[in-house]
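Chain by chain, the residues run as shown.
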Amino acid sequence: MPNPYAEAGVDTAAGDLAVELMKSAVAATHNAQVLGGVGGFAGLYDVAFLKDFSHPLLATSTDGVGTKVAIAQAIDKHDTIGQDLVGMVVDDIVVVGAKPLFMTDYIACGRVVPNRIADIVAGIARGCAETGTALVGGETAEHPGLLGPDDYDVAGAATGVVEADAQLGAHLVQDGDVVLAIESSGLHSNGYSLVRHILASRNVGFTDQLPEFAGVTVGEALLEPTRLYTTPLLDLLAQHPGAVHSLSHVTGGGIAANLARVLPVGSWVEVDRSTWQPLPVFRVLASMAGTPIEDTEGTWNLGIGMFAVVSAGAAADVIASLGAAGMPTWPVGTIATSARDLTGFEQGAKGVDGGAVRLVGSYAG
């Protein structure tokens, strides 16, 4: 019997196969709180444990991966995009001191290719497992005629919980606090529209090889997965209670703007560029663009994936703890509240009336 839906371009059988291929990866993220397994209309998560909290606050975040997916599509490599999605969503939740509980994902595509969808979801599942987040549901939507056959986009949302009196934020930041930078793994998932524009202007393809990216193609270098900070940061908060006052995830908007969001109004800090050397990928791209690397500070993270604002007395312990967890960390500045001219500072961002930040000096190397 003819299948009108299939004739319209929607392959439900392929969708069912994709679910079968991803089921084991998704199930591996489940814990005792997850009810019902994979395939229900809604994911169920038992939150009876919240009764043991004095004042639980739920934290939620949603995001995507942006145009980084265009590079994955161009070189037909889809097993890392899922980790990028988890990083963009879950690492926003830990910024307020919350532990992520569960996540859902959404994949829109022009055509369901089961192995491709399974690769994407397997990456999401690995990221969820690494951050202690249960992947409780998701949706793969086929949009023929709206998206090209090999086009797709991904998005996700997660929920976490934190005790009200353990919430991190600008309200805890004090004069004299130390700002620590935590190393990124590369571009993470921001600024790829600029990356693609630079490469196109120089006629560099994603399958090309450059000496600076020894042994891998340009596309493979640019798909370096987003570093996941949640587990080391939660361990840090448990081991050193009260040491960390605020955290900032360096994503869209760049370095200064994201730090300014987690500082109180009236505070300021100068971030010393000489304390770190931007990762090679940033120098290569800036050189291709013919622009000073400083001009990209509002777009790329330049090697800093997170900031931690900590009490001065705890800075050395925090650096040691994160370093032992494989997260190189170093001091970049000190919070001040004294009156001064703030011309040239970034003051707040994304609707937040925060502190003032500017980068000073020259980069190392």
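Refer to the preceding data block for the structure.
Let me begin by describing the structure that accompanies this report.

The rules we used
Residues numbered from 1 in each chain as written. Predicted model: local features only at pLDDT ≥ 70, side-chain atom pairs only at ≥ 80, totals over all residues. Heavy atoms only, no water. Pairing = 2+ DSSP bridges. Helix = DSSP H or I, 4+ residues; strand = E, 2+ residues; numbered from the N terminus. Axes fitted to C-alpha atoms, helices over the stretch in contact; angles between N-to-C directions. Polar contact = N/O pair within 3.5 Å; in protein donor to acceptor, adjacent residues only side chain to side chain. Contact = heavy atoms within 4.5 Å.

### Side note on the pairing of strand 12 (residues 346–349)
Piece 1. Alignment of strand 12 against strand 13 (residues 352–360), held across 3 bridges, turns out to be antiparallel. Counted as the bridge partner of alanine 349 is valine 352 from strand 13.
Piece 2. Between the antiparallel neighbours strand 12 and strand 13 lie 2 residues, among them lysine 350 with a positive phi of about 50 degrees.

### Here we look at the sheet that holds strand 4 (residues 99–109)
Within a beta sheet, neighbouring strands are joined by backbone hydrogen bonds and run either parallel or antiparallel to one another.
Piece 1. Read across the open sheet, the 4 strands follow the order 3-6-4-5; overall the sheet is mixed. Taken across any chain shown, the strands that pair with only one partner, and hence form the sheet edges, are strand 3 (56–64) and strand 5 (134–142). Direction aside, the axes of adjacent strands within the sheet are offset by 15 degrees on average.
Piece 2. Direction of pairing for strand 3 relative to strand 6 (residues 152–163): antiparallel, over a ladder of 9 bridges. Bridge pairing in strand 6 places alanine 59 opposite glycine 160.

### Observations concerning the side chain of histidine 78
Piece 1. Position of histidine 78 among the secondary structure elements: in the loop between helix 3 (68–75) and helix 4 (81–93).
Piece 2. Within the structure, histidine 78 has its side chain in polar contact with the side chain of aspartate 76 (distance 2.8 Å).
Piece 3. A polar atom in the side chain of histidine 78 sits 2.9 Å from the side chain of tyrosine 152.
Piece 4. Contacts of histidine 78, omitting those with residues within four sequence positions, involve Ala72, Gln73, Arg116, Asp119, Ile120 and Tyr152.

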